[in-house]
Structure formats: C-alpha cells, structure tokens
Amino acid sequence: MSESNSGMVDVATLYIVPTPIGNLADITQRALDVLANVDLIAAEDTRHTSRLLSHFSISTRTFALHDHNEQQKADFLIEKLQAGTSIALVSDAGTPLISDPGYHLVNRCRHAGVKVVPLPGPCAVITALSGSGLPSDRFSFEGFLPPKSKGRRDCFQALADDARTLIFYESPHRINDSLSDMLAVLGPERQVVLARELTKTYETIHGAPLGELIDWLAEDSNRVRGEMVILVAGHRALKDELSVEILRTLTLLAKELPLKKAAALTAEIHGGKKNALYKWGLENLE
C-alpha cells in the first residue's frame, strides 16, 4: 500500500474539496493542505484547476473527471483508492457534486467501503441564500433549469405552490427567457432575488417582484452577465406579506378611497407590494 505525501492526509481516502467561486481568497487553509498533499487530484477541467494550483504553488498531479467520463473512470479511481492512493475531488468552482460532477464516484466509493472526507467551503447556493433576504429556514435547491421553455414552465408549475424558498442556477444567455417563463407561471408579484458574479468584482444581489426584476434587467445589458443564482420566495411567504394588520389598513382605507389609491397608501405605510394589495382588494373588497 502506498503512502500519501504527508501526514496531513490519509491514505486510501477521497477528499471532496470545494474551491473558490470567484474570489481566490475564499479557499480554506485545509483545502490548500489537502490539495498539496494528496497523491492525485480528480478535476472537472484540468486546465482550469491547473491555474488554481499554480496560483498557490501546488504541483500535485491532476486527472480529468467530468460529466462525460465519470461513470467510466470511477472504477479506475476506486481501484487506486483501494490500493492506498489519496485523491482530492474538485470541480471548476464551488463544492463538487452540487450541479457538478462527482456523484457517481462518491456513490461508488461509499458502496465499496472507501473512506470519503468532505471539506466545507464555497458554494454559490448557500452564498446567495445567505444574502438574499428570503426565508432561509426551509429551501429547495433545484439546480439548473431545463434548457427549453416547456420544460421550464413545467418545472415552475410543479413548484408553484411550494412554501420553501426555491433556488435555481441559470446561465446568462437563458436568464431572460427563463424569467419570462417564470412570469407566465408564477405571476409578476412573486418576490425573486437574482444573485450574479458572487464574490467577484461586479457581484450583484438584487431582489424585486418578478415583473419589476425583468424590467430592471432590461435597463442594462451588463446585468445579465456572469453566472446566475435565482432565488424565488415560497408560495406561503408571498401570502404572509399580506398580514392581518396590512389587510385591515387596506380595508379601512378602501372605504374612503378608490381601491388603487388605498392599495398604494397601504403599501407606503407598511412597505408592502401595492399590486398584490390591489389584486387582493379586487378579489375580496369589491
């Protein structure tokens, strides 16, 4: 059985190593120690990873493991692990397996009795959620949206009544189409937060009712650049915005004022959404 390069890592062990999603300073010291001392690094893109390793003066050998070869190469890597090799698994950015390769390898390692050690670290889902202002006690990460409109609309329809905060990944060239499909299913009042270029120079986290968010994106083409995280308020969270106190104010004002004006004043008083208040009034007061 071979020995690992240093006592900092164990032999016959697969390490799951998160890497920065933008800012290289976000890498942990433990991640650097593991990458420097394992026998082999299984990387989604060896060219991308080599730049990261070079920045930190790490010379560990790399091996390509991506969506197109993972199932074929998993057995080969397990054989090396069982022979005593220590391996680190990395993706291009963030935590491996989270909409990135690695599931098949880790699954087979667990079934084969190979030790798997996951390291905590950067993850766009959690970074975006923590800064979104949306409820974070219950959430559902749905990964990348389907590439075609029908698939996206079916996805949104299936999740329309979900009470949890919903989180999606999306690419710049599909963001406008995806939000348009979301609008058709969820309506303009659903609160949505768009997080882009997280941890990078032009990081942006912007939240608004979906209809307003689409208009905001259209104002500046730079706002659709970079990788996107879309966070959508859960169905119950939308209803909770119309509290008993808010609805009481609206009801009282609507007795003396036109509904549209009453909704606008109520929104100003309580910080609510006037369109949602107006819609509720149409359904319940007139």
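Computed from a prediction, not measured in an experiment: that's the story for all the values here.

Digging into the packing of helix 3 (residues 70–82) against helix 4 (residues 103–112)
In step 1: Contact geometry of helix 3 with helix 4 gives a least axis separation of 9 Å together with a crossing angle of 40°. When the axes of helix 3 and helix 4 are compared, the pair comes out oblique. Classified by chirality, the crossing of helix 4 by helix 3 is right-handed. Contacts from Glu 70, Gln 71, Ala 74, Asp 75, Leu 77, Ile 78, Leu 81 and Gln 82 in helix 3 reach Tyr 103, His 104, Leu 105, Arg 108, Cys 109 and Ala 112 in helix 4.
In step 2: For the contact of helix 3 with helix 4, a count of residues per class yields 8 nonpolar, 3 polar and 3 charged.

Examining the packing of helix 10 (residues 244–254) against helix 12 (residues 274–284)
In step 1: Axis separation between helix 10 and helix 12 bottoms out at 11 Å; the angle between their running directions is 65°. In terms of orientation, helix 10 lies roughly perpendicular with respect to helix 12. Between helix 10 and helix 12 lies a crossing of right-handed hand. Side by side, helix 10 and helix 12 meet where Ile 246, Leu 247, Leu 250 and Thr 251 of the first sit next to Leu 277, Trp 280 and Gly 281 of the second.

Some details on the nonpolar core
In step 1: In terms of nonpolar packing, the biggest core is built from 22 residues, with Phe 168, Ile 175, Leu 179, Met 182, Ile 230 and Val 232 touching the most fellow members.
In step 2: Elements supplying a minimum of two residues to this core: helix 6 (149–159), strand 7 (165–170), helix 7 (175–186), strand 8 (191–196), helix 8 (210–218) and strand 10 (228–232).

Some words on the pattern of salt bridges
In step 1: Overall, the coordinates contain 10 salt bridges when judged by the stated rule.
In step 2: Of the charged contacts in the structure, one is a salt bridge between Arg 47 and Asp 45, with a shortest N-O distance of 3.5 Å.
In step 3: Arg 47 gets classed as exposed once you look at its relative accessible area, which sits at 61%.
In step 4: One salt bridge connects Arg 174 with Glu 170, and the closest N-O pair in it is separated by 3.5 Å.

Here we look at the environment of Ile 126
In step 1: Within the secondary structure layout, Ile 126 lies in helix 5 (residues 124–132).
In step 2: Residue Ile 126 is classed as partly exposed on the basis of its relative accessible area, which comes to 44%.
In step 3: Note: C-alpha distance between Ile 126 and Ser 136 (10 residues apart in sequence) is 9.4 Å.

Cut-offs and rules
Residues numbered from 1 in each chain as written. Predicted model: local features only at pLDDT ≥ 70, side-chain atom pairs only at ≥ 80, totals over all residues. Heavy atoms only, no water. Axes fitted to C-alpha atoms, helices over the stretch in contact; angles between N-to-C directions. Helix = DSSP H or I, 4+ residues; strand = E, 2+ residues; numbered from the N terminus. Parallel < 35°, antiparallel > 145°, perpendicular 65-115°, else oblique. Left-handed = near helix turned anticlockwise from the far one by under 90°. Contact = heavy atoms within 4.5 Å. Nonpolar A, V, L, I, M, F, W, Y, C, P; charged D, E, K, R; others polar. Core = buried A, V, L, I, M, F, W, Y, C linked by side-chain atoms within 4.5 Å. Buried < 20%, exposed > 50% of the residue type's maximum accessible area, 1.4 Å probe, protein only. Salt bridge = Lys/Arg side-chain N within 4 Å of Asp/Glu carboxyl O.

So, to be careful, I would describe these as geometric facts and stop short of saying anything about function.
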